[in-house]
Structure formats: C-alpha cells, structure tokens
Amino acid sequence: MRELHADVLVIGGGLGGVAAALGALRAGRSVLLTERYAWLGGQLTSQAVPPDEHSWVERFGVTASYRALRDGIRDYYRSHYPLTDRARSTRDLNPGAGHVSRLCHEPRVAVAVIDAMLAPYRGSGRLTVLQPAWPVSAETDGDRVTSVTVHHHGDELVLTAPYVLDATETGELLPLTGTEHVTGAESRHETGEPSAPEAGDPGNEQAFSVCFAIDHVDGDHTVDRPASYGFWRDYQPTFWGAPMLSWQTPNPRTLELSTRSFTPNPDDDPALVDADQRVNPGDGNLWTFRRIAARRQFRDGAYPSDICLVNWPMIDYFEAPYSPAAEVAARELSRSVLYWMQTEAPRPDGGTGWPGLRLRGDVTGGTDGLAMAPYIREGRRIRAEYTIVEQDLALDVRGDKGAVSHPDSAGVGMYRIDLHPSTGGDTYIDVASCPFEIPLGALIPQRVENLLPAGKNIGTTHITNGSHRLHPVEWNVGEVAGALAGFCLTHAVTPRAVRNTPALLAAFQERLTADGVELRWPDVAGY
C-alpha cells in the first residue's frame, strides 16, 4: 500500500475539516485532507444546509476566516450571477432571501469559495486533498495514533502525520483509534443537566435528514411513487400529534401542534426579509423558510422560479441512528415527502398536490436528485478533559450572569440548545442559551495525545451538542484544532500541556487572536 505523510492529517472535509486544514496551513504546516464526497464543505455544501447562525453574525461572534467564507459567497454572486442592481448593491446580500439565515445560498457557490480559499495551498504543494476517501482502519502505539488507512479510488492508502484530526460527521476515527468516546444521551445523574433523561441511552441520537432542493415550474414533474410511500403517509409518531406527511408539526419551542403554510413562489419582496429568529422563527411559510434562490434577486427571466431547500420536520429520520442502511430509508422518506407534496398535499385553494414541483438534483449534486450527503446532527463525541454541560450556558440556569467564562477559551458561539426528535422516542428539546465560549479542554481527549476533534465530536453532551453542532461553531472548532496542531509542532509540546501550562495557553490564545479567532463576547443583549 502506498504511504503519504504530512505534518497534519485531517480526516473529513466538512466545515470543520476545511477550517482545520486552513488553521494548520496558516501555521506553516503541510496538510493531508480527505473527504468522502465530491464537494468539500459538509453542512454548507454536500448536505445542502443553509448556515444556521446567531443574530449578530454580521458584526461579531465568528472567526475572521469564517467571515471571509461568508464574504466570499456574496462576492461570488456579485461577480458571476445576474443580480438585480438593488441586490448587487445590498451590503448584506441574502441571495435566497430565506428566513432561516442572513445568507441563504446555493451549495455550489460555497463549494467554489472553499475551493478558492484552499487553492493557493494546493498549488504550492503544502495541501493534498484526497477525494473521495474515507477511513477504514487505524494503527496506534500506546496513546498515539501512528497511521490511518483510507480507501481512495479503489486503493488503500496509509496516511501518517504527527497530528491526526477527526473532522468526520460521525466521529469515525474514535472507535478506529480506540479513543474514549460517548454516543447518545447521558443520564441526568451523570451530567446534572435539567434536560437530560433519568436514564442514559447510548443509542438515543438526534434525527438525521436527507435534504433536497425544489422549484416550481410549468409541467408535471411528479417523481415515481416511492416503495415505502404508504408507510410514511400513514406514519404518526406518538409525540407528533398528526401524520408526519402533513403541514402540521410540533412547534420545537412549545411542542404545541402548529400548522405551516406552503406557497410556492409567493409575491414577496426579498428586500423586506428580516432573517432574525429572535423576532420571527420564519418557518410559517415553508417555501421561504430555507429558500436558497429568490427569483426577484436576479434579473427578469434569469430564474423561472425560486429554489427552495427542504430541510423540514417531516424529513427528520429518527427510526434508527445513522448507518448506511438507515440512510437508504431516510432517502425513501425524503422522496416520499416530495411525492406527497406533488400529489396529495392540501393546497390553500382546496386542491391537492403541486405537480409543478421539480426536484433540483443539479443544485444539490446528489445522483438520486437529493443532497449527496445526509445531514447528520449528532455522532460520537470524545471523552474530553472538559465536558460542556447544559448548566454552562442555559439561560434558565445562568440568567443575567451569562454563560460560564472559560480561562482556556478558544472561540465563541451562540445558538439555542436545539435538539430534533431522537431515536429514543424523544420529541424536540429546545432550551434558550446565552452566548458562550468554547473551552479548549473540550477539544482534548482524556488519554490520546495526538488526535484532536475538529467538528461536532468535541466534548459536549447529547444536550449541548444541540448548540455546538451549527456551522460557525463547527468551523471555529476545526480552525482551533488545526492551529493547535501547528502550535504544538512548532513548540514541541502536547495539546494537554498547552491547555494546562499558563504561559503556553496565553501564547496560544494570543496566536488565535492574531488569526482573528474571537475568544470573548462583547456585552450583548436580547438573546
């Protein structure tokens, strides 16, 4: 088997993996980056999920490189898309005028910007990207990972590096390397969290989803009836209060049954959309909720229809934790939701179905018309030197004191603790939170010395994963993991020593600040 070597090995090319590579490259290190799918960017691209961000994102609360990614997406639209003059001159351009985010956009644009951010390092030879590639085994020596073997274009490659970063969506390296980790829900006895269950359940994980994009044009674009359509049409979870295939779903914050509307191509003005979920969650009309292309942002005739991204409650798959077999079933669920909308969904005019809904697989890149990758909200998490618990950031617990301040802060984040229905039969868990800091201790395994988490696999619990799994936090975590690996190589120290040696910690935090990683929140209100 062929062997490749670099200073830093990053397994997984989602947002955390891309940011990890950039962090290590900026520290002067060579990087091997692997990704299972054709697009780098994970949540933002192959999973097709518009960015979930806090309300201050346009001013502060994200890293400088994440802001460069967002600015790059807007600049790409201005340079390459037929925007209207008004849209082009809008500083905070929201191409999709979606309500879920101030930057709803098509996945391919983020792919182009990410590729451009990495291009100089690929050209210089300091960055090698292997696609498609995924880990199949690993070798260890005591408390160190010595190699990871990946499958790549029919061959197996042995990859070695002094530091190995796990940026996979499910924490794939943790069992392969024997790194201590947890899955599912911890008990209230274990964590003391008010929202934790009385009994823990390692198999109780949040739903995952297979998203898809649609527009609405003339003609009949009805897909073939999925084999499992009858099951999903009649399926009604005990906590749902209605069939899953309906416009009625539980409100995540109140759990009361809410009726959403669905109106393709409404006559709305994109300039009037205020994507501030403190004011309005924005999910009243599902068409505009995660709209990624608003036709009126572009010159007349450029887009025959808006493009709507479907990441709605009815496509949440919570029959089983993620596995390849579960993904097949989840894809059937998503296609069943589309078929229902095309044929049987009630319309405001009293009719049923919109046969003009057209599946836009060209937008999401999936060979079956759906997103190429599943949106996985929760996977394995390291047993860390510091585990982030609900009491650290929940508003009901912390009140006007704000979230716990960590001396070893390595970034900031903000999002409600947002848990989707889970495989253990739990309904939504939605807990207001305070703007929080990301402790470096949550990135350091309790035993293994040279493996670092670079995504959703940091030391959170089942509960706090719900506030740390979103786009800007995943990017921040990855960027810090890459920077930490570079810092440790430069100074011949371990990550554990950096966290636990005041002088080293101060020097590392100074490095992060110089790189544009915000370590503390300014005084904010209204969360």
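Residues numbered from 1 in each chain as written. Predicted model: local features only at pLDDT ≥ 70, side-chain atom pairs only at ≥ 80, totals over all residues. Heavy atoms only, no water.

If you check an unreviewed UniProt entry, the chain appears there as FAD-dependent oxidoreductase from Winogradskya humida.

J.: Could you clarify how one ought to interpret unusual backbone geometry in this entry?
T.: Trans is the common state for peptide bonds, and a negative phi is the common state for residues other than glycine. With an omega of -15°, the peptide bond between Gln-131 and Pro-132 qualifies as cis. Its place among the elements puts Pro-132 in the loop between strand 4 (127-130) and strand 5 (133-141). One non-glycine residue, Asn-265, lies in the positive phi region at around 50°. On the secondary structure map, Asn-265 appears in the loop between strand 12 (257-259) and helix 8 (286-289). Judged by relative accessible area, which is 19%, Asn-265 ranks as buried. Its identity is not glycine, yet Ala-492 carries a phi of approximately 55°, on the positive side. Take Ala-492: it is sitting in the loop between helix 13 (471-491) and helix 14 (495-500). (Helix = DSSP H or I, 4+ residues; strand = E, 2+ residues; numbered from the N terminus. Buried < 20%, exposed > 50% of the residue type's maximum accessible area, 1.4 Å probe, protein only.)

J.: Looking at this model, I keep getting lost on the environment of Gln-342. Mind explaining?
T.: Within the fold, Gln-342 resides in helix 9 (residues 324-343). Residues Gln-342 and Gly-356, spaced 14 residues apart in sequence, show a C-alpha to C-alpha distance of 7.3 Å. Ignoring anything within four residues of it in the chain, the contact list for Gln-342 reads His-221, Thr-222, Val-223, Gly-353, Trp-354, Pro-355 and Leu-357. A distance of 2.9 Å separates a polar side-chain atom of Gln-342 from the backbone oxygen of Leu-357. (Contact = heavy atoms within 4.5 Å. Polar contact = N/O pair within 3.5 Å; in protein donor to acceptor, adjacent residues only side chain to side chain.)

J.: What is the right way to look at helix 4 (residues 107-124) in this model?
T.: Between its first and last C-alpha, helix 4 extends 27 Å over 18 residues, near the 26 Å set by a 1.5 Å rise per residue. A maximum bend of about 45° is found in helix 4 at Leu-118, where proline Pro-120 lies one to four positions downstream. Every buried residue of helix 4 is listed here: Pro-107, Val-109, Ala-110, Val-111, Val-113, Ile-114, Met-117 and Leu-118. One or two residues past the end of helix 4 sits Gly-125, with phi positive at roughly 85°. (Expected span 1.5 Å × (residues − 1). Bend = angle between axes of the 7 residues up to and from the residue.)

J.: I tried to follow the nonpolar core on my own but got confused; where do I start?
T.: Note on soluble globular proteins: their nonpolar side chains tend to be buried together. The biggest cluster of nonpolar side chains holds 131 residues, and the ones touching the most others in it are Leu-69, Leu-165, Ile-214, Trp-247, Phe-262 and Met-341. Among the elements that take part in this core, helix 13 stands out by supplying ten residues, more than any other. Not counting chain neighbours up to four residues away, the residues in contact with Leu-165 comprise Val-8, Leu-9, Val-10, Ile-11, Ala-20, Leu-173, Leu-452, Ala-454, Ala-481, Gly-482 and Ala-485. Membership of the second largest hydrophobic core comes to 21 residues, among which are Ala-138, Val-145, Leu-173 and Leu-174. (Core = buried A, V, L, I, M, F, W, Y, C linked by side-chain atoms within 4.5 Å.)

J.: Just checking my understanding: could you explain the environment of Arg-74 for this structure?
T.: Along the chain, Arg-74 falls in helix 2 (residues 64-80). Sequence separation between Arg-74 and Leu-93 is 19 residues, and the spatial gap between their C-alpha atoms is 6.4 Å. In this structure, Arg-74 is in contact with Glu-58, Arg-91, Asp-92, Leu-93, Arg-102 and Leu-103, ignoring residues within four places of it in sequence. A distance of 2.8 Å separates polar atoms of two side chains, one belonging to Arg-74 and the other to Glu-58.

J.: Please clarify how the sheet that holds strand 6 (residues 144-152) should be interpreted in this entry.
T.: If you walk across this open sheet you meet the four strands as 1-7-6-5, and the pairing is mixed. Sheet topology places strand 1 (2-5) and strand 5 at the edges, where each strand pairs with a single neighbour. If you compare each strand with its neighbour and ignore which way they point, the axes differ by 30° on average. Pairing analysis gives four bridges linking strand 1 to strand 7 (residues 155-160), with the strands arranged parallel. (Pairing = 2+ DSSP bridges. Axes fitted to C-alpha atoms, helices over the stretch in contact; angles between N-to-C directions.)

J.: I tried to follow the sheet that holds strand 2 (residues 8-11) on my own but got confused; where do I start?
T.: The strands making up a sheet associate through backbone hydrogen bonding, with each pair oriented either parallel or antiparallel. Spatially, the five strands line up as an open sheet ordered 4-3-2-8-21, and their pairing is parallel. Unpaired on one side and paired on the other, strand 4 and strand 21 (451-453) mark the two borders of the sheet. Shown here is a sheet whose adjacent strand axes are inclined to one another by a mean of 20°, direction ignored. By the bridge criterion, four bridges tie strand 2 to strand 3 (residues 31-34) in an arrangement that is parallel. Looking at the pairing, Val-10 lines up with Leu-33 of strand 3. Its contacts with the sheet place helix 1 (residues 15-26) against strand 2, strand 3, strand 4 and strand 8 (163-166), and it is angled at close to 175° to strand 3. Across the sheet, helix 13 is in contact with strand 2, strand 8 and strand 21; its angle to strand 8 comes to roughly 175°.

J.: What am I meant to see in the packing of helix 1 against helix 13 here?
T.: Between helix 1 and helix 13, the least distance of the axes is 6 Å, while the angle of their chain directions is 35°. Between helix 1 and helix 13 lies a crossing of right-handed hand. Of helix 13, the residues touching helix 1 (which contributes Leu-15, Gly-16, Val-18, Ala-19, Ala-20, Leu-22, Gly-23, Ala-24 and Arg-26) are His-471, Glu-474, Trp-475, Gly-478, Glu-479, Gly-482 and Ala-483. Within the contact of helix 1 with helix 13, the residues separate by chemical class into eight nonpolar, five polar and three charged. (Left-handed = near helix turned anticlockwise from the far one by under 90°. Nonpolar A, V, L, I, M, F, W, Y, C, P; charged D, E, K, R; others polar.)

J.: Any chance you could explain the environment of Phe-318 here in plain terms?
T.: Within the element layout of this structure, Phe-318 appears in the loop between strand 14 (307-310) and helix 9. With a relative accessible area of 5%, Phe-318 lands in the buried category. Between the alpha carbons of Phe-318 and Glu-344 there is a distance of 23 Å; along the sequence they are 26 residues apart. Those residues in contact with Phe-318, other than ones at most four positions away along the chain, are Ala-207, Tyr-235, Pro-237, Phe-239, Trp-240, Met-244, Pro-421, Ser-422 and Thr-423.

J.: How do you make sense of the packing of helix 1 against helix 4 when you look at a structure like this?
T.: Packing of helix 1 against helix 4 leaves a shortest axis separation of 11 Å and a crossing angle of 30°. With respect to each other, helix 1 and helix 4 are oriented roughly parallel. In terms of crossing hand, the pair formed by helix 1 and helix 4 is left-handed. Across from Val-18, Leu-22 and Leu-25 in helix 1, the residues of helix 4 making contact are Ile-114, Met-117, Leu-118 and Tyr-121. Partitioned by chemical class, the residues of the contact of helix 1 with helix 4 number seven nonpolar, no polar and no charged. (Parallel < 35°, antiparallel > 145°, perpendicular 65-115°, else oblique.)

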